[in-house]
Amino acid sequence: MAKVLLEMKNITKTFPGVKALDNVNLQVEEGEIHALVGENGAGKSTLMNVLSGIYPYGTYEGDIIYNGEICQFNKIKDSEEKGIVIIHQELALIPYLTIGENMFLGNERGKSAASIDWNETYGEADKYLKMVGLEESSRTLVKELGTGKQQLVEIAKALAKHAKLLILDEPTSSLNEQDSKALLDLIIRFKSEGMTSIIISHKLNEVSYVADKITVIRDGSTIETLDKATTEISEDRIIKGMVGREITDRFPKRHDVKIGDINLEVDNWTVYHPLYPERKVVDDVSLKVRKGEVVGIYGLMGAGRTELAMSIFGKSYGTGISGTLKLNGQVTELKTIKEAIKHKIAYVTEDRKGNGLVLTNPIKINTTLANLEEVSSKGIIDQDKEYQVAVEYKDKLRTKTPSVEQNVGNLSGGNQQKVLLAKWMFANPDILILDEPTRGIDVGAKYEIYCIINDLVAEGKSVIMISSELPEVLGMSDRIYVMNGGKFVGELEAEGATQETIMSYIVKTGRGE
Amino acid sequence: MSAALRKYTMPIALVLVLLFFSWRTNGAIILPQNINNLLSQNAYVFVLAVGMLLCILTGGNIDLAVGSVVCFAGAIGATILDKNVNFWVAVLVMLIIGTLVGVWQGFWIAYVNVPPFIATLAGMYAFRGLSNVVLQGLAVSIDNKDFLNLFGGGADCYVPDILHGANLNMLCMAVGVIGVVIYVISFIVSRANIKKRGYETKPLLGELIKLVIISAVALWVTYKLASYKGIPTSLIWILLVVFIFGYITSKTRIGRYLYAVGGNKKAAQLSGVNVKNVYFFAYVCMGLMSGLAGILTIARATQSQPTFGTGYEMDAIGACFIGGASAYGGIGTVPGAIVGALLMGVINQGMSIMGMNANWQKVVKGAVLLVAIIFDVVSKKEKK
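Criteria and thresholds
- Within any chain, residue numbers begin from 1 and follow the written order of that chain's sequence.
- Labels are handed out in written order, letters beginning with A for the chains and numbers beginning with 1 for the ligands.
- Only residues with pLDDT of at least 70 get local features here, since the model is predicted, and only at 80 or more are side-chain atom pairs given and counted; chain-wide, interface and lining totals rely on the full set of residues.
- With hydrogens and water stripped out, all remaining heavy atoms of the structure feed into the side-chain values.
- What counts as a helix is a DSSP run of H or I of at least four residues, what counts as a strand is a run of E of at least two, and both are numbered from the N terminus.
- In this description the radius of gyration comes from C-alpha coordinates, and the expected globular size is given by 2.2 Å times residues to the power 0.38.
- Only heavy atoms matter for contacts: two residues are in contact if any of them lie within 4.5 Å across the pair.
- Summary of the burial criterion: residues with accessible area below 20% of their type's maximum are buried, those above 50% are exposed, and those between are partly exposed, where the area comes from a 1.4 Å probe applied to protein chains only.
- Accessible surface is estimated by sampling points in the Shrake-Rupley manner with a 1.4 Å probe; for residues, cover comes only from the protein chains shown.
- Residues scored as positive are Lys and Arg, those scored as negative are Asp and Glu, and His as well as the terminal groups of each chain are ignored.
- In this description, the location of a charge corresponds to atom NZ of lysine, CZ of arginine, CG of aspartate or CD of glutamate.
- Centres within 6.5 Å are what make two rings of Phe, Tyr or Trp a pair, Trp counting through its six-membered ring; a difference in plane orientation under 30 degrees is then read as stacked, over 60 as edge-to-face, and the rest as tilted.
- Only the stretch in contact is used when fitting a helix axis, every axis being a line fitted to C-alpha atoms; angles between N-to-C directions are given from 0 to 180 degrees.
- Working rule for handedness: look at the near helix, and if it is turned counterclockwise from the far one by less than a right angle, call the crossing left-handed; if clockwise, right-handed.
- Any residue that is not Ala, Val, Leu, Ile, Met, Phe, Trp, Tyr, Cys, Pro, Asp, Glu, Lys or Arg is counted as polar, Gly included; the first ten are nonpolar and the last four charged.
- Salt bridge, as used here: a side-chain nitrogen of Lys or Arg that lies within 4 Å of a carboxyl oxygen of Asp or Glu.
- N or O atoms closer than or at 3.5 Å make up a polar contact, with two conditions inside protein: a donor-capable atom paired with an acceptor-capable one, and, for residues adjacent in sequence, both atoms drawn from side chains.
- To estimate the expected span of a helix, subtract one from its residue number and multiply by 1.5 Å.
- In short, DSSP must find at least two bridges between two strands for them to pair.
- Here, the term nonpolar core denotes a set of buried Ala, Val, Leu, Ile, Met, Phe, Trp, Tyr and Cys residues that are joined through side-chain atoms within 4.5 Å.
- Here, patches come from residues exposed beyond 30% relative accessible area and free of salt bridges, joined within 9 Å for like charges and within 5 Å for nonpolar side chains (Val, Leu, Ile, Met, Phe, Trp, Tyr).
- Values of pLDDT, ranging from 0 to 100, describe the predictor's confidence in every residue of the model.

A. Main features of the overall build of chain A. Helix and strand counts for chain A stand at 17 helices and 24 strands. Taking 513 residues into account, the globule formula puts the C-alpha radius of gyration at 24 Å, and chain A, at 25 Å, falls close to it. Along the three orthogonal principal directions, the C-alpha set of chain A runs to about 70 × 50 × 50 Å. Contacts in chain A between residues at least 24 apart in sequence constitute 67% of all its contacts with a sequence separation of at least 6.

B. Structural view of the overall build of chain B. Of regular secondary structure, chain B possesses 17 helices and two strands. Relative to its length of 384 residues, chain B is compact, with a C-alpha radius of gyration of 21 Å against a globular reference of 21 Å. Seen through its principal axes, chain B has C-alpha atoms that stretch 60 × 60 × 45 Å. Counting only residues that meet the buried cut, chain B has 49% of its 384 residues in that class. The long-range share in chain B, meaning contacts at least 24 apart out of those at least 6 apart in sequence, stands at 78%. As displayed, chain B has an accessible area near 18,200 Å², and 70% of this comes from carbon and sulfur atoms. When the 27 positive and 12 negative side-chain charges of chain B are each reduced to one mean point, those points stand 12 Å apart.

C. Geometry of the packing of aromatic side chains. Going through the model one piece at a time under the given rule, you end up with 20 aromatic pairs over all chains. Here the aromatic rings of Tyr 481 of chain A and Phe 488 of chain A are separated by 4.7 Å at their centres, their planes lie at 20°, and the arrangement is stacked. Judged by its relative accessible area of 2%, Tyr 481 of chain A falls in the buried class. Plain terms: the ring middles of Phe 20 of chain B and Trp 23 of chain B are 6.0 Å apart, the flat faces sit at 70° to each other, and that makes the pair edge-to-face. Of this pair, Phe 20 of chain B and Trp 23 of chain B both sit in helix α2 (residues 9-24), three residues apart, roughly one helical turn. What makes Phe 20 of chain B partly exposed here is its relative accessible area of 39%.

D. Layout of the packing of helix α6 (residues 87-111) of chain B against helix α7 (residues 116-135) of chain B. Residue and element names in this part refer to chain B. Running from N to C, α6 and α7 point in directions that differ by 145°, and their axes come no closer than 9 Å. Classified by chirality, the crossing of α7 by α6 is right-handed. Seen from α6, the contacting residues are Val 101, Trp 104, Gln 105 and Ile 109; seen from α7, they are Pro 116, Ala 119, Thr 120, Gly 123 and Phe 127. Of the residues contributing to the contact of α6 with α7, the split by class is six nonpolar, three polar and no charged.

E. Highlighting the interface of chain A and chain B. The interface is formed by 35 residues belonging to chain A together with 24 residues belonging to chain B. For the pair chain A and chain B, the interface holds one salt bridge. For the salt bridge of Glu 386 of chain A with Arg 256 of chain B, the shortest nitrogen-to-oxygen distance reads 2.5 Å. The interface formed by chain A and chain B holds 10 residue pairs in polar contact (both at pLDDT 80 or more) in total. The dominant element in the side of chain A that touches chain B, judged by the number of residues it contributes, is helix α13 (residues 383-397) of chain A, at six residues. Of the residues in the side of chain A that touches chain B, the class split is 15 nonpolar, 12 polar and eight charged.

F. The arrangement of unusual backbone geometry in detail. Unlike most non-glycine residues, Glu 436 of chain A shows phi in positive territory, near 45°. Its place among the elements puts Glu 436 of chain A in the loop between β21 (431-435) and α15 (443-458). Here Glu 436 of chain A falls in the buried class, since its relative accessible area comes to 4%. Residue Gln 136 of chain B is not a glycine yet carries a positive backbone phi of 50°. Looking at the element boundaries, Gln 136 of chain B is found in the loop between α7 and β1 (140-141). Owing to a relative accessible area of 64%, Gln 136 of chain B belongs among the exposed residues under this scheme.

G. Focus on the environment of Glu 136 of chain A. All names here are of chain A. Secondary-structure assignment places Glu 136 in the loop between α4 (118-132) and α5 (147-160). Spatially, the C-alpha atoms of Glu 136 and Leu 264 are 44 Å apart, while their sequence positions differ by 128 residues. Beyond its immediate sequence surroundings of up to four residues, Glu 136 is in contact with Ile 99, Asp 126, Leu 129, Leu 145 and Lys 149. Within polar-contact distance, the side chain of Glu 136 engages the side chain of Lys 149 at 3.0 Å.

H. Region of the structure containing helix α16 (residues 334-353) of chain B. Residues and elements named next belong to chain B. Between its first and last C-alpha, α16 extends 28 Å over 20 residues, near the 28 Å set by a 1.5 Å rise per residue. For α16, the tally of buried residues reaches 15 of 20 residues, placing the bulk of the element in the interior. One side-chain oxygen of the residue at the start of α16 lies 3.0 Å from the amide nitrogen of Gly 336, identifying that residue as Thr 333. One or two steps after α16, the chain reaches Gly 355, where phi turns positive at roughly 75°.

I. Examining the pairing of strand β24 (residues 487-493) of chain A more closely. Residue and element names in this part refer to chain A. Inspection of the sheet shows strand β23 (residues 479-484) paired to β24 by six bridges, in the antiparallel sense. Each residue of the ladder has a partner; that of Asn 484, found in β24, is Lys 487. In textbook terms, the turn of a hairpin is the stretch between consecutive antiparallel strands, and for β23 and β24 this stretch comprises two residues, one of which, Gly 485, has a positive phi near 55°.

J. A look at the nonpolar core. Among the nonpolar cores identified, the biggest contains 166 residues, and Trp 269, Leu 287 and Leu 308 of chain A together with Phe 147 of chain B are the most heavily contacted of them. Contact partners of Leu 287 of chain A, with chain neighbours within four places excluded, come to Leu 264, Glu 265, Val 266, Leu 308, Ile 312, Ile 464, Tyr 481 and Phe 488 of chain A. Val 37, Val 85, Ile 155 and Ile 233 of chain A belong to the second-largest nonpolar core, a separate cluster that totals 46 residues.

K. Spatial organisation of the sheet that holds strand β18 (residues 345-348) of chain A. Residues and elements named next belong to chain A. Here six strands make up an open sheet; going across it, the order is β18-β21-β22-β15-β23-β24 and the pairing mixed. In the strand order of this sheet, the two ends are held by β18 and β24, each with one partner. Neighbour to neighbour, the strand axes of the sheet diverge by 15° on average, direction disregarded. Two strands pair when backbone bridges link them, and β18 and β21 are joined in this way by four bridges, in the parallel orientation. Each bridged residue has a counterpart across the sheet, and for Val 348 the counterpart in β21 is Leu 434. Against the sheet, helix α14 (residues 413-426) touches β18 and β21, its axis set at about 165° to β18.

L. Up close: the pattern of salt bridges. Residues and elements named next belong to chain A. Considering all chains together, one arrives at 30 salt bridges over all chains under this definition. Here Glu 124 ties to Lys 127 by a salt bridge, and the two come within 3.6 Å at their closest N and O atoms. Taken together, the residues span about one helical turn, with Glu 124 and Lys 127 both in helix α4 at a distance of three residues. The exposure class of Lys 127 is partly exposed, given its relative accessible area of 44%. The structure contains a network of salt bridges with shared partners spanning Arg 290, Glu 293, Arg 479 and Glu 491.

M. Spatial organisation of a nonpolar patch on the surface. All names here are of chain B. On the surface, a nonpolar cluster with roughly 480 Å² of combined accessible area is contributed by Trp 104, Phe 107, Trp 108, Tyr 111 and Val 112. Tracing the chain through its elements places Phe 107 in helix α6. The class of Phe 107 is partly exposed, set by a relative accessible area of 38%.

N. A look at the confidence of the model for chain B. For chain B, per-residue confidence averages 90 on the pLDDT scale, and residues scoring 70 or more make up 96% of the total. Per the prediction output, this complex has pTM 0.79; the corresponding ipTM is 0.80.

O. Broad picture of the sheet that holds strand β16 (residues 319-327) of chain A. All names here are of chain A. The four strands lie next to each other as β14-β13-β16-β17, forming an open sheet whose pairing is antiparallel. Only two strands of the sheet have a single neighbouring strand rather than two, namely β14 (280-290) and β17 (330-331). Running at roughly 65° to β14, helix α9 (residues 305-312) makes contact with β13 (262-272), β14 and β16 of the sheet.

Here you go:
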């Protein structure tokens, strides 16, 4: 049996009013990849913050035993000195500094703080970049890199701190599948070189691909640790641990939804980049959606899906948009978002915190924002009516909150997504474009979102669902478009389609930039 | 309880500061005359703070030109009044000038994307210069009695007591009492309405305490004013501004958009809100308020000078932040800004009565602003 590198014993951490961690135990052996899974809010990030010293020694109960000694970390620097390095979910690089400057930020090379040795900085940086397989000069500005490469820079930065235990928090959440795969393979390669890693992820397929052991956390407690060597690990098996019951069907069935006439038809739609008007982002795309139909658009990140959706939604993205748009057979031009909303189109953004919700405002105010006209007359808001509307949608979507006066920023991801959906459902659209509607929310909430989608089409509305999760696209759509490099490269009925057939469309066309 | 404390920190601080100064000045600060002065001297701060709040709400944007615009509008107004035309002409011109400045700055900020800091910094220089040009570097005095009486300047700038009280100004008392009665009745009606429709109600005790305190303070101020010379005319303008913009920010669509744009610009945009128009609206209102503040300022001083309005923008900004507005936008209320302005006013006046050196007064003001913001930041952090 390999040596135990890290042991977290009976960790308990309380915040005012909440017990975030309750007697959590975690054992990581040297040279293994250990995955930490659990629903949102289960306590994974809190546990890692305890480990890395973000919550200093004394603010929690229990012991951290690392390399055979009990550790008392007071700040991140303390844990980093021991070789425990955490890479956070949000990339923390500064865009207008070079790769090298970023890598040694706070850890500068040179004799003193007043004399940085740039040759050493860039020389060292290049060495680490080579280790992670990133073919870029360390003098390149970080803003020139895509998210995949930025993630590699983060890892190189961790290596530069002489990491022995690498903690990756949702490392692939903003990467496309190809980059994700490359990243996971890199972690496996590190393992063969003796590195120990802890990976936190929502993507169970990745977890079962990369991890040797999986520890499941639910509601602040450790539920179980699955060992690949002794048990068969399937995604369903992991989900069972996470939600405490077996989800037999991850996608609810739709019963007798009648698919009607064509509602929205877009022909030869071409969109150019707003800043580089010579770059085509969406290239000659045609699509149609019928009443009562869920149309999936599958594509990797950067395929132009969001850009397509936003350009349809009142030209909220892009320049030089050409092509025709027909609503119920009528050619219509939607010049502004207001017009799009008036013509009963809704676009539910993939970035609910950044583009969707006003986090400092209560649920009530967010719910009515896209359709304030409905609850006001002559510019004056009827606050009674607004309250009723908010409560109605809260109940309908089963948003978990003590009151609609609660600020949206205080809700969990799944509940925020419900508020966002409520906002657009209240705008009473016929066509809803849902962009990554289940990104970053837990399994239970996902199921509820799927049910809402089913209710919407049952009312005769049309849903366009953009997603980069293949099982979701297959499980929820009636028809699927595959998008790659700004083009639609395939269209298929969901029935009988498999992950392999969809991927083959993308592979055939190569990966467009 | 701690949540309530956090919410009402500034009103509580205001009371504590007032108590402190009434102890240090042997009650001088709460003499009727001083309460009267507190309101009329700071009339411009109240008006400007409300305008500034709108800009700050849209995303922490400020207007640095306010002081210069006050001076510029005042300079033109005084020059017109000097020509012995009907004073309403001057009033109208000053309001229009303020608004036009708002349109000018708002245009660059909203539609051309000039950063507000720069656009208004430019205005700060330009309108200060123009004021000097208009006044040719001299003071212009104002002797139009009607104008002064109506906008809080000169000796008779009080609403005449048509009820002819003996020692007390009965009109003032009547207005105050009626105001409080209306307030209490509307509270009961809205409470009953909420109950009837089965909405969630805020805890009755807390609401009652708030009702009692606000009513008591209103009656107390009424009594103080009545014991002096009655309702200062400048107070009418302050109340008008506070009620109109209090209503706009809390009950109207455009008010809602101010908060939405400041809270999350992109989300507002994708919800069909025309963000540019919202910025424009805020700066036009700010301009209008600058015009009004210009009127109040020259009336109070019974003259116009090229140095008037210096530093007014900072008083307004300070009042908003002390009153709980967020420096990032999206958070803040009109009553909050008024409390902030009052707090600054009380501190100013208290220190003046105590005979404190004017330089040290500035130091104290700076410290108060910093403490208010630190408190705000720290209390928010704890909440997390």
